[in-house]
Amino acid sequence: MKLSHFQFNLPKELLAEFPAENRDESRLMVIDRKKQTIEHKMFKDVINYFDDGDVLILNNTKVFPARLYGNKEKTGARIEVFLLRELNSEQRLWDVLVDPARKIRIGNKLYFGDDDSLVAEVIDNTTSRGRTLRFLYDGSYEEFRNKLTELGETPIPKYISREVTPEDAERYQTIYAKEEGAVAAPTAGLHFSKHLLKKLEIKGINFAEVTLHVGLGTFNPVEVEDLSKHKMDSEELIITQEACDIVNNAKVKKKRICAVGTTSMRAIESSVSSQNTLNPFEGWTNKFIFPPHDFSIANCMITNFHTPKSTLLMMISAFCGHDLMKRAYEEAIKEEYKFYSYGDAMLII
């Protein structure tokens, strides 16, 4: 498969600027790979496709308010600082992206907050927009982290052209988010309401939680025609023994095992044993899944509608079958499904 196989025309008005009014009332396209059929449902209908003993694999990462706005010393220029990851908690070192980057050099200081209560010094260049910052703050580590949360805003994706609203802090977060560390939400999970999860639980569906801290690399378009040459950013991944037991037990019983989102799928495919069971894992993964790929754990997945040439679309092609995926996407555009982070959902069985 080549990059050009993943190009399609996506009308701009289909990019979702806002989420559905209620989480579980977004639309759901159901694709049956065996029957080669496409059905149109509501997300809450997802419960009808699962039975007692089936498993949903959820990514319980939690998005932190990663986008800060500061001012450069002397000039007062407004600079966006996007926190990517903490490098050293003692020294308060962070890997960040800055915009506009050309103004930000090693040695520059940036001031945050109306009272300049938080200061950062640029100590290294990492990429064209990447910098290493050392934050200077009078207070304990906990107070420093609280300050970052207070000053930061929800990192809704750049394609959303409106201002961030207070609602985004809640809606750009799954209701089962626990482990802080993502700078982008695992968006397939946004469709689950508390009510729907409760109904699934009552029906006997089990939940296995994994943690994959989604990085900004998830939005990087592929720029090489030969997919095997594309390099994924590394992301932190934790799979517990408990999660493995739930999944492997369901596998033995030939149950439906559903990866909720591309991040959950990438997580489990990063830690498969030689017997095709799920292994515990703690570390980093840069797994890139594109066709052809044999999936070892999940036999079903829930995902959103993805943008052209994205690594996410390539994974869907590998799981769904390229021709069926193309048909589904043509139908999604015709039926005006909403795409991307706040968009509608797809269930592939």
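Residues numbered from 1 in each chain as written. Predicted model: local features only at pLDDT ≥ 70, side-chain atom pairs only at ≥ 80, totals over all residues. Heavy atoms only, no water.

Spelled out, the test is: UniProt positions are given in the numbering used here, feature names are shortened, and annotations may be inferred rather than shown by experiment.
With an unreviewed UniProt entry as reference, the protein is termed S-adenosylmethionine:tRNA ribosyltransferase-isomerase, source organism Flavobacterium shii. Comment text from UniProt for the protein, heading Catalytic activity (unreviewed entry), reads "7-aminomethyl-7-carbaguanosine(34) in tRNA + S-adenosyl-L-methionine = epoxyqueuosine(34) in tRNA + adenine + L-methionine + 2 H(+)". Reading the Subcellular location (unreviewed entry) entry of the UniProt record for the protein gives the comment "Cytoplasm".

As for the packing of aromatic side chains
Rules: Only centres within 6.5 Å qualify two rings of Phe, Tyr or Trp (six-membered ring in Trp) as a pair; their planes then separate them into stacked at under 30 degrees, edge-to-face at over 60, and tilted for everything else. Counting from the N terminus, the helices are DSSP H or I runs at least four residues long and the strands are E runs at least two residues long.
The final tally for this structure, using the stated rule, is 16 aromatic pairs. Considering the side-chain rings of Tyr141 and Phe144, the 6.3 Å spacing of their centres and the 50 degrees angle between planes classify their relative orientation as tilted. Placement of the pair is Tyr141 and Phe144 together in helix 1 (residues 141-151), with a separation of three residues, close to one helical turn. Connected via pairs of aromatic rings, a cluster forms that spans Phe8, Phe305, Tyr329, Tyr337 and Phe339.

Some points on the side chain of Arg67
The following threshold applies: Burial classification: accessible surface area is computed with a 1.4 Å probe over protein chains only, and a residue below 20% of its type maximum counts as buried, one above 50% as exposed, and the rest as partly exposed. In the analysis that follows, any N or O atom pair within 3.5 Å is treated as a polar contact, provided that within protein one partner can donate a hydrogen and the other can accept it, and provided that, for residues neighboring in sequence, both atoms belong to side chains. Contacts are assigned to residue pairs with any non-hydrogen atoms lying within 4.5 Å of each other.
If you trace the backbone, Arg67 turns up in strand 5 (residues 67-72). Since its relative accessible area comes to 7%, Arg67 is described here as buried. Separated by 3.3 Å, the side chains of Arg67 and Glu80 make a polar contact. If sequence neighbours within four positions are ignored, Arg67 has contacts with Glu80, Val81, Phe82, Leu151, Gly152, Glu153, Thr154, Pro155, Ile156 and Lys158.

Notes on the pairing of strand 8 (residues 109-112)
Under the convention used in this document: One requirement defines pairing of two strands: DSSP has to find at least two bridges between them.
Residues Leu110 and Phe112 of strand 8 are buried on one face, while the alternating residues Lys109 and Tyr111, pointing to the opposite face, are not. Where strand 5 lies against strand 8, three bridges are found, and the strand directions are antiparallel. If you follow Asn71 over to strand 8, its bridge partner there is Tyr111. Across four bridges, the pairing between strand 8 and strand 9 (residues 118-125) is antiparallel. Bridge pairing links Lys109 to Glu121 in strand 9. What sits between strand 8 and strand 9 in their antiparallel hairpin is a turn of five residues, with Gly113 showing a positive phi close to 85 degrees.

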